[in-house]
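One-letter residues, chain by chain:
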Amino acid sequence: MDELLSEFLSETAEHIVGVESYLVLFEQNPADANALTHIFRLLHTIKGTCGFLGLERLRSIAHAAETLIDTLRNGAPPALPAVSLLLQAMDRIKQLLAGVAEHEQEPAGDDLDITGKIEAYLRGELASPIPLPPMPEPAASPKCCSGRAMQDAESLMPEAEATPAKEKAPDTIRISLATIQRIMDLVSELVLTRNQIVELSRQHSIPQVKAPLERLSTVTSDLQDAVMQARMQPMNRLFASIPRLVRELSIELKKKFSLVVAGADTELDRQLIEAIRDPIAHLIRNCADHGIESPEDRVAAGKPEAGKISISAFYESGQVHIEIADDGRGLDADGIRRTAVERGLVSREAMANMTDDEAYRFILLPGFSTAKAVTQISGRGVGMDVVVSSVEAIGGAVSMQSSRGSGSKFVLQIPLTLAIAPALIVKASGQQFAVPQQAVIEAVSDGGLQKVQNALVLKLRDEIIPVVELATVLQLQPPSRSADNLVVIMSVRGKKFGILVDDVAGIQEIVVQPLGRLFSNLKLFSGNTILGDGSIVLILDPTGLAEGMGLELTSGAANAQEGERCKVSHASNLVLFKAGSGAPKVLPQSSILRIVRAGANALCQADGLHLYRYQDRLIPVLPIEGREGKMDAGFVFIITGHDRTFGLLAEEVLDIVEAAVEIQLSSNSNSIIGTMDLQGRAVELIDTEHYYELAYPAALGIPRQGRALSERSHQLSAPKPIAATLNGESQSTSVNVQQ
Amino acid sequence: MSHVCPHNVSNVTGAAASGGADGKKTFFTVYVGEDIYGLDVTEAQAIFRVGAITPIPLMKKEIAGLINLRGRVVVAVRLRQRLGAAPGNAPESIAIGFERAGERFALLADRVGDVLALPDSARTALPPHFDAAQSRYMRELYKCCVGLIPILDVERLLDFE
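Everything numeric in this text was worked out from a predicted model, so none of it was measured.

### Describing a negative patch on the surface
Residues and elements named next belong to chain A. Taken together, the side chains of D2, E3, E7 and E104 define an acidic patch exposed on the protein surface. Along the polypeptide, E104 turns up in the loop between α4 (80–103) and α5 (112–122). On the basis of relative accessibility, which here comes to 44%, the residue E104 falls in the partly exposed class.

### Quick look at the pattern of salt bridges
Note on pairing: side chains with opposite charge can pair once their charged atoms come close. Summed over the entire model, instances satisfying the criterion amount to 32 salt bridges over all chains. Here R298(A) makes a salt bridge to D327(A), at a shortest N to O gap of 2.8 Å. Placement of R298(A) in helix α12 (residues 295–300) and of D327(A) in the loop between β5 (319–326) and α13 (333–342) is noted, with a sequence separation of 29 residues between them. The salt bridge partner of R123(B) is E140(B), with a shortest N-O separation of 3.5 Å. Remark: E140(B) occurs in strand β11 (residues 138–144) and R123(B) occurs in strand β10 (residues 123–124); sequence separation between them is 17 residues. Taking the relative accessible area as the measure of exposure, R123(B) reaches 42% and is therefore partly exposed. Overlapping salt bridges bring together E20(A), D91(A), K94(A), R244(A) and E248(A) as one network.

### Some points on the pairing of strand β19 (residues 573–578) of chain A
Residues and elements named next belong to chain A. Inspection of the sheet shows β19 paired to strand β27 (residues 652–658) by 6 bridges, in the antiparallel sense. Each bridged residue has a counterpart across the sheet, and for F577 the counterpart in β27 is V653. Here 4 bridges tie β19 to strand β20 (residues 585–588), and the two strands are oriented antiparallel to one another. Bridge pairing in β20 places L574 opposite P588. Turn length for the β19-β20 hairpin, with the two strands adjacent in sequence and antiparallel, is 6 residues, and the turn residue G580 shows positive phi of about 80°.

Reading the values: the criteria
Along each chain, numbering runs from 1 in the same order as the chain's sequence is written. Working convention: letters from A go to chains and numbers from 1 go to ligands, in the order in which they are written. Thresholds applied to this predicted model are a pLDDT of at least 70 for local features of residues and 80 or more for the giving and counting of side-chain atom pairs; totals over whole chains, interfaces and linings are not thresholded and use all residues. Side-chain metrics in this entry use all non-hydrogen atoms of the structure; hydrogen atoms and water are not considered. Patch membership needs two things, relative accessible area over 30% and no salt bridge, and members are linked within 9 Å if like-charged or within 5 Å if nonpolar (Val, Leu, Ile, Met, Phe, Trp, Tyr). Residue-level accessible areas treat just the shown protein chains as cover; the underlying method is Shrake-Rupley with a 1.4 Å probe. Here a salt bridge means any side-chain nitrogen of Lys or Arg lying within 4 Å of a carboxyl oxygen belonging to Asp or Glu. A residue counts as positive if it is Lys or Arg and as negative if it is Asp or Glu; His and the chain ends are not included. To locate a charge, take atom NZ for lysine, CZ for arginine, CG for aspartate or CD for glutamate. Here a helix means four or more residues in a row that DSSP labels H or I, a strand means two or more in a row labelled E, and each is numbered from the N terminus. Three labels apply to residues, based on accessible area from a 1.4 Å probe with only protein chains included: buried if under 20% of the type maximum, exposed if over 50%, partly exposed otherwise in between. DSSP calls a pair of strands paired once it identifies at least 2 bridges connecting them.

Structural data, given as structure tokens:
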């Protein structure tokens, strides 16, 4: 595209944003002559450039808008329709600019609909051009001004042209992003070369080289900083468009807002500013729609009628924090709890133990909405998850605070730049990989690692964390397992997982380079980097790893299932027992009618089933999966359900423990509901339903054991509690067993 | 006929100027095992000794990994596997660098042979009975003193889609 034209496009786009935010300012404070002067000047510049480039449609709209502004400048009473008309004109200009950007010429057509409206308004014929809330005061006849306005506009030209030049106090040049990127790449290479030389000189130690090398080192670092600085842009790039957004929300929602913007001069990498544009707009919509109450409710609650939305950006610990806060009703913790339980995301019991802050996290799940009415603006339950994922995609994080009745606050933590990031260098099978540090929580020794259901889990403090061996995931040569392996714990969207690595070689600032197109299918890697010693390492993508492990990141489906299966048992006493070589298993005590020690000859076999004589009846006995060897002596758990009784054979009863059933990892196996943490041990919760189906395959048809059994078991439906006595603090009990 | 010392890291684009003017094209030859192939010097950017290669897990065997060539990341492609030959005993020692669609690649070979300037008249089309899997990556044949030399089609060799 013509350089002149592309410069015009980017410049005009900025001017439009400026006009819009000044218009909103002007509307809030019609006495603000300064705002009008700015708008007039910006419009005039747009008009001038359009005329120069022969963009006739753009010029005529700018001209009409300018004329309208001029009448206002000359004392015509300001009115909402005028501002709305001007905003419409800006929208049309934006549309036309998009057309010009695409085809390098104006799209065909005319804009009489807009210029006509403006002219009609100027003639006083158009009181309210668009259906809007009532104007503060009816527009008094601006007719008298229109003629003069035209002349004034012309006579003002020299002044208007002179002032923008004065405004551009700091000398600037426009550089294409590609040029900056090229410089960045070169600096990155320079940094790497510098690192290599430093490494070499450390090995060979040449005294003469030392001083110049140090200078080279500092100059390189400074150069790097300077180039990074060149990519930085003030947040105002983004904040300038917010006043207009809030104005439109105000009209649509029929609420009043006061907007406070702070820290617009905070600088951030341009690419990142663009990446958070939509998330921020979404959060503001949420504040306006959900957060802030209707004016009546606000007054009733003793708050000012206008809801306050504040946006601020500031630096904190090497990051840019952006806070979006409102003084509305706050998040409805109870509503969130109710919805979460209704949707089966969590059991009622687990929910009762959740703090409000934990409950708030549910709104970050896809499709989660407590809104009763879906409005144009929000409430469809799409969005917060998108906000979280787009912020996380650039290495940021979202957190929130809320207090009932006094508002909520969302904080986005954004890294200063994408290009350079600290990373953990890990080793697997002798090969090095980089893990972005922002995802890493900690690295711990593999002491607490256990193998459950053929998968690794790490018991860390009170959590059970799924772990994979990096070498296995990457299909590397099996590593020689030494004693001091490490587990790197990461967190992606609140889900923790770990990778087992041979070693952590250290932390380095790495220059992230994307992998080529050839590798676009490799979800486990997000890029590569060259380390100080010149070696290339691949950068692991934590999200890809988590997804590869089957951690559900994008939907609440797994949680829902987990929650439902959790609700099967409400028991707090759990029988801990051993069956097979795997992890210990548990069953809720309430699901067991009786535990019987059975000698080898107590079990017999008939009709393809193992049977046990229990209270003059034969009941089917099933071995618990994982149990090896033949069916012989052990403990039979007598279980009734659906009016039938059957037995489960375990090897040894270990303990009875009082604990809440909280499944931490759900299982793919039918026989196991999932893995849970029981007093520091990873244990498998047995699914009795599964065994019931095995024992009575024709559960709905003819009972295998005949009517007599079902009648008998009916009599037993009020089971005697298992003979057990609580044993002091350990909360363990001994089990009385029948011989 | 000029010779390229395989121990030199040489930029061959300069040599390209000598070809073409008298209807001759300049090729350099590479060995993959005992097989000899020709590559158009005008297409190659550099010939260099293979240093450390960072393997990329989960990638197809033809991709040896990434090489750091003076601060730039180059994707190394094993000619041997690409041409369907059995893996060799020793790792490849020579790489020929190319740029394709803004990305850098290197073809790994066992050694570099002579540079040949061959007239158009020495060119013949591929015979139809060549193994399709291999001839897919050959553009044409040239007759010369050492026999027939297949000229590799770099574009296709580096196209993995």
